[in-house]
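Okay, here's what each chain looks like letter by letter:
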6 protein chains.
Amino acid sequence: MDKYIEKAGILIEALPYIQRLSGKTVVIKYGGAAMLSEDLSKKIMQDITLLKYVGVNPIVVHGGGNDINKMLSKLDITPKFHNGLRVTDGDTMDVVQMVLTGKINKDIVSQLGIAGARAIGLCGKDAGLIRVEKMEAKDGQDLGYVGHVTGINTKLLSTLTQDEYIPVIAPVGVGPDGESYNINADTVAGEIAAALCAEKLMFLTDIDGIRSDPNDPGTLIYEITIGEIYKYIENGVISGGMLPKVEGCIKAIRSGVKRTHILNGTIPHPILLEIFTDTGIGTMVRE
Amino acid sequence: MDKYIEKAGILIEALPYIQRLSGKTVVIKYGGAAMLSEDLSKKIMQDITLLKYVGVNPIVVHGGGNDINKMLSKLDITPKFHNGLRVTDGDTMDVVQMVLTGKINKDIVSQLGIAGARAIGLCGKDAGLIRVEKMEAKDGQDLGYVGHVTGINTKLLSTLTQDEYIPVIAPVGVGPDGESYNINADTVAGEIAAALCAEKLMFLTDIDGIRSDPNDPGTLIYEITIGEIYKYIENGVISGGMLPKVEGCIKAIRSGVKRTHILNGTIPHPILLEIFTDTGIGTMVRE
Amino acid sequence: MDKYIEKAGILIEALPYIQRLSGKTVVIKYGGAAMLSEDLSKKIMQDITLLKYVGVNPIVVHGGGNDINKMLSKLDITPKFHNGLRVTDGDTMDVVQMVLTGKINKDIVSQLGIAGARAIGLCGKDAGLIRVEKMEAKDGQDLGYVGHVTGINTKLLSTLTQDEYIPVIAPVGVGPDGESYNINADTVAGEIAAALCAEKLMFLTDIDGIRSDPNDPGTLIYEITIGEIYKYIENGVISGGMLPKVEGCIKAIRSGVKRTHILNGTIPHPILLEIFTDTGIGTMVRE
Amino acid sequence: MDKYIEKAGILIEALPYIQRLSGKTVVIKYGGAAMLSEDLSKKIMQDITLLKYVGVNPIVVHGGGNDINKMLSKLDITPKFHNGLRVTDGDTMDVVQMVLTGKINKDIVSQLGIAGARAIGLCGKDAGLIRVEKMEAKDGQDLGYVGHVTGINTKLLSTLTQDEYIPVIAPVGVGPDGESYNINADTVAGEIAAALCAEKLMFLTDIDGIRSDPNDPGTLIYEITIGEIYKYIENGVISGGMLPKVEGCIKAIRSGVKRTHILNGTIPHPILLEIFTDTGIGTMVRE
Amino acid sequence: MDKYIEKAGILIEALPYIQRLSGKTVVIKYGGAAMLSEDLSKKIMQDITLLKYVGVNPIVVHGGGNDINKMLSKLDITPKFHNGLRVTDGDTMDVVQMVLTGKINKDIVSQLGIAGARAIGLCGKDAGLIRVEKMEAKDGQDLGYVGHVTGINTKLLSTLTQDEYIPVIAPVGVGPDGESYNINADTVAGEIAAALCAEKLMFLTDIDGIRSDPNDPGTLIYEITIGEIYKYIENGVISGGMLPKVEGCIKAIRSGVKRTHILNGTIPHPILLEIFTDTGIGTMVRE
Amino acid sequence: MDKYIEKAGILIEALPYIQRLSGKTVVIKYGGAAMLSEDLSKKIMQDITLLKYVGVNPIVVHGGGNDINKMLSKLDITPKFHNGLRVTDGDTMDVVQMVLTGKINKDIVSQLGIAGARAIGLCGKDAGLIRVEKMEAKDGQDLGYVGHVTGINTKLLSTLTQDEYIPVIAPVGVGPDGESYNINADTVAGEIAAALCAEKLMFLTDIDGIRSDPNDPGTLIYEITIGEIYKYIENGVISGGMLPKVEGCIKAIRSGVKRTHILNGTIPHPILLEIFTDTGIGTMVRE
């Protein structure tokens, strides 16, 4: 009995956090190593489902580079990159869309269903959810079907979240003539949080957050301002895959999102840990 | 960190219970020793507030015999009882109403407010919430302003619970000419659960539940049918203050309430323990 | 038959007044001698009920100093006053709350029920209806639980009045930690009219209105501006219990309330007289 | 002042009647001599407007034989009748429609506007409000465009009455091919009351009600059953223009209308007299 | 089969036009020779009905000078005109109202009903739809009941168009005392389009549009600016019955109406031709 | 101009058909050769978009066997069939899901977007849209992930169609444990039409309909009863891919779907031809 009383006490500890987020929108960028572990991903799905049931409106954006590369390799298509961006010809785009919207997206929907939620898998093509235009590389290199976001259909997302549904969004955008475009999932998460003026934006990554010395886990930064981020970008401390994440945070903050976080998705229940503890986890980016 | 992960896991354990009760009504009869302890009552208020935030609609019915007697004594009015029922003359009724609706009721409302909920204190006179008629004692003794319930205004309760409010109800009924009547709080809880076809009705008492040997805590009955209750009443095992509780359960079950419980309100977080564990606590009364 | 035709004509005379107030909110401060007369109070309840049925939204705020003093005396607590304000220690506050919210409030609710209305008795603690802070006396004297209003939960009042209910409000506020505070009922009426931007605010008093010579009933002022009020306060013509009433009027007018009135509640049907005659009764306070 | 208090008392006398009819539909057949008197018609318009403002939903059906005959005469068309029914050729129908829907109907709408109501003038052609078929005379005589009602579009009426509008209906029906038909206004009133399951149906006529001796005003029948009506029809006591009125009552009663009345529209404020007195006026027809 | 495929292709050609107008309001001034031809008017009714079914909200305003003159002549009333305006005494106004609201208006409603629409015939007196004041002639001549528009009750029109109804409006206004006023139908159409901020305003006339040489059909102007109109008015190219039409266009454009058109209503299906072709027909007036 | 008038007349011919289907649901099984032709598929997308804009609620269900086989071949997976059903192991199911939900489904969504509609691509996993159980072959052969439908989430479809969206559904079901199942698209179309009690169900195939002699196009059956279908199945006239189509029709008819059709999707605009002509095209299956 004492054990149960203790557990009840732990539920009660969550109450003030629930009250604060009740009715608010939280955008979660899901990806990285957590997605590859059956156990970790199950726990993340439970976190998201619990949020929905306690009155929060979660929206999930996911990536999937790993599965795309595997499928490209099976189909003997060599992935090409240019300055970290996937050069996406027509055949590659077909594979990207199939894997992202047809495999990973629907699998996440299904996992949320097992956890007890009603999720709906969408991509940018559904009802013009994510409108994009062709991205021009700075050096003039043709990147093919790589897009940058020009608009978000917030009406569809509001309808679904105000109803009983959790939108799960694959980062495929729709161009002016209905063609598909590959977009960075981190960017999509930032744009959606910005467009919905979400309460919170969370990037689940494979490391604990931003470090002042990327190689030293002991240098985790708990809170960082936009100004500091720019300095770290300049001196190379923030680079590579962390760049679109901090850019997503900045975009979101500047559009009125209250809190943005970069955190370790490979810890069990990372979303609950961030939301239901005072200190949170990972790095919080703020104005 | 491990401690937090464990806590998150405990939150997740609650998920299936939350899903089952989401959008449902739970009537809680609050009273007894728990009400007198600042610490226990605070925990119960937290339990009720948490229920509201996870999408359940709690309704609280309370008693208050203790405080009534104290006030009567301060005012030099001698409480009179007849077969366990308070003989309620006009002066006594004034005190009963003042203490129940003006003191205890508003204090509970305030405690729920501290826990973060928006509670509204009501009695049977508000919008004709509990309509009563004068109760006739079997032996013809005039009981004064003691009433039996003839109708519940469910519309008001539905409006409030579907909005953000928790109704807190004092057991004072309104007679055909607008006069006040004293009613048994257990009966009121049963009638309200029945009228709303609630999902659950819980009586918070001072003992663990129904015992087959009232003097032996080891004889707690975990589950009991209406038929068995009638036998226990006949042979005197169920008697006294337990009678209106089991009658409330029976009334509620026969009107379609799914689950009714008699449980120990002096355990910390008794409502969460009953709702968020598989076995529950106390005695479950069923058809 | 002719008598009935004349009566019908009188109903029709009310039509333009009804049209003007249809759908508007009217705040009525109810108190004084009228409250003590069964006959007068019954007529006031009928007035309020009629308003509701012809499409106006009445809100009742009541006082109750008389009953509080009686109960304090029964309990051998000596009322203490400091510059006209009740010094309210914990025990006194308990009695104030019990009498106001548990006796007078529910009795008014019941009388409105007899007149055919559906009233709901509330105090400032219900859903945080009236938030207050401790009032500091100018001379530093500790007044105990005497509060000044810092906020009104208009959402609850709008919900109830747009539905079929008449809110009846006892002047007990809720402090930052959930504790009860005694507040002047006139002030509460003014604050609520201001917060709701009511169409009309009426103070039912025991005299005909403001007099230029307080001792001469023949000097009743039919209409007075805020500027004139300040002069009368300065020269002592307006003082004592009239002060919070005129302050309530001023607060309300400055927040956009169209018309505020101080009138004699001991005339039969004072509310209808004020509303359904061209000249109205009592003193109208205006910008 | 005493005069005003007495007037207020008269308003209060109306309260129980208002409560009883609040939210209910009342169909009023308006016609006869009252319509020709500026003073009487103004009072009736005030009665109807007052009903709307106190929460009742009035619907007005009107006749207009007099004005039709005047216009026919101006146009040198000789009115033809067959067994009391107007034989209506195409030219006559044009005049009937113009006078009823273009003159009388819009004038009533305008008078209600002056009284402060928002009325909408309709005929059976608007949105198929009254669908009719050609009436066959029993003796085979061709009656031209005389119709009997086959359907009422209750949706339009419900929409308008639940909003702020009072429908005013001219007795012109629409045939299967869109052509106009002349219909008896009393019949239309009965059919509309029946289709809407109104609370009350009132025929404003030129005499006090049904008399057991048509020539003796002292033989007014205050209440009559359907059975008794049939006897009076058989023995000729009820005949002529009274026939469609009692038939309208019977049709309405059999469809669930609670109360139907035949009363004198030439008394000032006949509608209020019927509604706001205990005995009512005229003859009440009941099952 | 090929014929049907071609027809389907023609339906599809309409799709982009439907998409552009979906949910928008289109005001159509209906009158002139088209109204006198059974075949042409039937086609116009079909056009309007089709608009409603493809999601556009049409509102019809009609004239009727021809029928008024006929009826005046039958009644031996000599029509009087002063500078092109009908001098309207009381008797004339009666006829104007009867013919417009009782004959033409209800006939159009009926024709729309045959085409499958649910139309409601209204004039300015219904719910105060068109409020007017007496028009003063520049030369001081008393014009009788000739009004100029001072207000439109847009609420009624919005309610009806957002529901399943098509409002059909006769140009009779209501004065300050409820009296009827004759108003120019073109002006009414312009005012209603302006008040509703319609998407489109169309005048169906008897000629193809505005001509730079009124006598030469070959000089039709396809598009004209407000500035050019003023020049044409000055030099007399635009005059007579064309004046209120262009004034209606100007009023509407200045209030935010997107597109206004003057076109030939005697071509079959003129509304569809204007809406569902790229070039449209007639003259488009623009800022 | 004459050409345009003729076109307008053709639009008007569609009016009665639009009126009949307005607000109704039409389920369209899209597949076969039409899907492979850019021109034909574009015309079908236009047909569906036009339906939506004229107030009909289309729902699209699609197949995609061809593309699945191509992708399987690229991945060196040999398709296996057993009695016409695809034996679906885990790897195959992955490909089926990716191609159907990630390629074909989103491409249709995109084509509808180009035609001007807002489509949402779904599969049975989204919010549990199509719940299935493993299908047992009659001869005991394990078919792998081949499912039969046990339930349809109609709530999601109603929400989307009553809003501005067109659901496009891939025939992938969700099993009891969240796993994906391959289902026959024809069956899915029949089940969805049945569950929604659609007005119409249409199968777009590669031939003109059911023929009494499968090899002779001249023997097309225009209308066939369920009884006749059973006879044709027995004698082998109906067999192969036509079987699930007629079974879908029968299932739908028995659940209250009014009209079911098997028609040639390779004719331009087949949906409009079926809906907007009196005779329709193809074979109509009826009770």
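Every chain's residues receive numbers from 1 upward, in the order its sequence appears when written. Ligands are numbered from 1 and chains lettered from A, in the order in which they are written. Residue-level local features of this predicted model are given only where pLDDT is at least 70; pairs of side-chain atoms are given and counted only at 80 or more, and the full residue set underlies all totals for whole chains, interfaces and linings. For the side-chain quantities, the full set of heavy atoms in the structure was used; hydrogens and water were omitted.

Here we come to the interface of chain A and chain F. Listed by partner, the interface residues are 33 residues for chain A and 33 residues for chain F. Buried area is a sum: the accessible area each of two parts loses on coming together, probed at 1.4 Å, counted once for each and added. Buried surface at the junction of chain A and chain F, both sides included, amounts to about 2700 Å², of which 57% is carbon and sulfur. For this analysis, a salt bridge means a side-chain nitrogen from Lys or Arg found within 4 Å of a carboxyl oxygen belonging to Asp or Glu. The tally of links between chain A and chain F comes to 10 salt bridges. Pairs of N or O atoms are called polar contacts if they sit within 3.5 Å, as long as, within protein, a hydrogen donor faces a hydrogen acceptor (for residues adjacent in sequence, only side-chain-to-side-chain pairs). Counting across the interface, chain A meets chain F through 14 residue pairs in polar contact (both at pLDDT 80 or more). Helix numbering and strand numbering both begin at the N terminus, where a helix is a DSSP run of H or I of at least 4 residues and a strand a DSSP run of E of at least 2. Elements that contribute at least two residues to the side of chain A that touches chain F include exactly helix H3 (65-74), helix H4 (90-115), strand E5 (118-123) and helix H5 (154-162) of chain A. At 12 residues, the largest contribution of residues to the side of chain A that touches chain F is made by H4 of chain A. Any two residues whose heavy atoms approach within 4.5 Å at even a single point are treated as in contact.

Residue-level contacts link 33 residues of chain D with 34 residues of chain E. Interface area for chain D against chain E, summed over the two sides, is near 2700 Å², with a carbon-plus-sulfur share of 57%. Along the contact surface separating chain D from chain E lie 10 salt bridges. The closest approach of N and O atoms between Lys106 of chain E and Asp126 of chain D, which form a salt bridge, is 2.6 Å. Taken together, the connections running from chain D to chain E amount to 14 residue pairs in polar contact (both at pLDDT 80 or more).

For helices, the fitted axis covers only the stretch in contact; all axes are lines through C-alpha atoms, and the angles between them, taken along N-to-C directions, range from 0 to 180 degrees. Viewed as axis vectors pointing N to C, helix H1 (residues 2-21) of chain E and helix H1 (residues 2-13) of chain F meet at an angle of 95°, and their least axial separation amounts to 9 Å. In terms of orientation, H1 of chain E and H1 of chain F fall into the roughly perpendicular class. Together, Lys7, Ile10, Leu11, Glu13 and Ala14 of chain E of H1 of chain E and Lys7, Ile10, Leu11 and Glu13 of chain F of H1 of chain F make up the contact between the two elements. Residues of the contact of H1 of chain E with H1 of chain F, tallied by class, amount to 5 nonpolar, no polar and 4 charged. An angle below 35 degrees is read as roughly parallel, one above 145 as roughly antiparallel, one from 65 to 115 as roughly perpendicular, and any other as oblique. Here the term charged refers only to Asp, Glu, Lys and Arg, the term nonpolar to Ala, Val, Leu, Ile, Met, Phe, Trp, Tyr, Cys and Pro, and the term polar to all other amino acids, Gly among them.

Turning our eyes to something else, we now look at the arrangement of the chains. Kept free of each other, chain B and chain F leave a smallest C-alpha distance of 15 Å between them. Between chain D and chain F there is no contact, and the shortest C-alpha to C-alpha separation is 15 Å.

Next up on the list: the relation of the copies chain A and chain F. Its rotation angle being 180°, the transformation that places chain A on chain F also includes 0.0 Å of axial translation and leaves an RMSD of 0.0 Å. Taken together, these values place the two copies in the relation of a two-fold axis. Considering only C-alpha atoms, the part of chain A nearest the rotation axis is Gly102 of chain A, at 1.7 Å. A least-squares superposition brings the copies together, and it is based on the C-alpha atoms of residues with pLDDT no lower than 70 in both.

It is worth spelling out the environment of Asn153 of chain E at this point. All names here are of chain E. By secondary structure assignment, the location of Asn153 is in the loop between strand E7 (147-152) and helix H5 (154-162). Non-local contacts of Asn153, meaning those with residues more than four positions away in its chain, are made with Ala127, Gly128, Leu129 and Arg131. At 2.8 Å, the side chain of Asn153 forms a polar contact with the backbone oxygen of Ala127. A polar atom in the side chain of Asn153 sits 3.3 Å from the backbone nitrogen of Leu156.

Here we come to unusual backbone geometry. Residue and element names in this part refer to chain D. A positive phi angle, close to 60°, is found at Asp76, a residue other than glycine. Here Asp76 shows up in the loop between helix H3 (65-74) and strand E3 (80-82). Only protein chains enter the accessibility calculation, which uses a 1.4 Å probe; a residue is then buried when its area is under 20% of its type maximum, exposed when over 50%, and partly exposed in between. The exposure class of Asp76 is exposed, given its relative accessible area of 71%.

Before going further, it helps to examine the sheet that holds strand E2 (residues 57-62) of chain E. All names here are of chain E. A pair of strands counts as paired when DSSP detects no fewer than two bridges linking them. Strand order in the open sheet made by the 8 strands is E5-E8-E2-E1-E11-E13-E14-E12, with mixed pairing throughout. Here the strands that pair on one side only, and so sit at the sheet edges, are strand E5 (118-123) and strand E12 (223-225). For this sheet, the mean inter-axis angle between neighbouring strands, taken without regard to orientation, is 20°.

Another point: the relation of the copies chain D and chain E. Taken as rigid bodies, chain D and chain E are interconverted by a rotation of 180° and an axial shift of 0.0 Å, the fit giving an RMSD of 0.0 Å. In this assembly the copies share their binding face: 100% of the residues contributing to the interface of chain D also contribute to that of chain E.

Further remarks concern helix H5 (residues 90-115) of chain F. Residues and elements named next belong to chain F. Given a helix with a known number of residues, its expected span is that number minus one, times 1.5 Å. Between its terminal C-alpha atoms H5 stretches 36 Å, which fits the 38 Å expected from 26 residues at 1.5 Å a residue. Largest kink in H5: about 25°, centred on Asn105. At the exit of H5 stands Gly116, carrying a positive phi of roughly 105°. Bending is quantified residue by residue as the angle between axes fitted to the seven-residue window ending at that residue and the seven-residue window starting at it.

A separate point is the side chain of Arg211 of chain C. All names here are of chain C. Counting through the fold element by element, Arg211 comes out in the loop between strand E11 (200-205) and strand E12 (223-225). Although Arg211 is buried, it makes no salt bridge; Asp208 carries the closest opposite charge, 5.3 Å away. A polar side-chain atom of Arg211 sits 2.8 Å from the main-chain carbonyl oxygen of Pro214. Excluding anything up to four places from it in sequence, Arg211 contacts Asp216, Pro217, Thr219, Leu220, Ile221 and Val237. When charges are tallied, Lys and Arg are placed among the positive residues and Asp and Glu among the negative ones, while His and the ends of the chain are skipped.

All names here are of chain E. For Ile250, the position within the fold is in helix H8 (residues 242-254). The class of Ile250 is buried, set by a relative accessible area of 6%. Sequence-wise, Ile250 and Ile226 are 24 residues apart; in three dimensions their C-alpha atoms are separated by 6.6 Å. Among residues more than four places away in sequence, those in contact with Ile250 are Ile226, Ile229 and Tyr230.

All names here are of chain B. Of all 6 residues in strand E8 (residues 165-170), 6 are buried; the element is thus mostly enclosed. Covered by surrounding structure in E8 are Tyr165, Pro167 and Ile169 together with Ile166, Val168 and Ala170, the residues of both alternating faces. Summarising the sheet, strand E5 (residues 118-123) and E8 pair through 6 bridges and their orientation is parallel. Directly across from Arg118, in E8, lies its bridge partner Tyr165.

Pairing analysis gives 3 bridges linking strand E12 (residues 223-225) of chain A to strand E14 (residues 283-286) of chain A, with the strands arranged parallel. In the sheet register, Ile224 of chain A faces E14 of chain A, and the bridge partner there is Val285 of chain A.

With that settled, the discussion passes to the packing of aromatic side chains. Residues and elements named next belong to chain C. To pair, rings of Phe, Tyr and Trp, with the six-membered ring standing in for Trp, must have centres within 6.5 Å; the planes then decide the type, stacked if under 30 degrees apart, edge-to-face if over 60, and tilted in the middle. Counting across every chain of the model gives 12 aromatic pairs over all chains. Measuring from ring centre to ring centre gives 6.2 Å for Tyr17 and Phe276, while their planes differ by 70°; the resulting arrangement is edge-to-face. Of this pair, Tyr17 sits in helix H1 (residues 2-21) while Phe276 sits in the loop between helix H10 (270-275) and strand E14 (283-286), and the two are 259 residues apart along the sequence. Both residues of the pair, Tyr17 and Phe276, belong to the buried class.

Interpretation note: all reported values are geometric properties and have no functional meaning in isolation.
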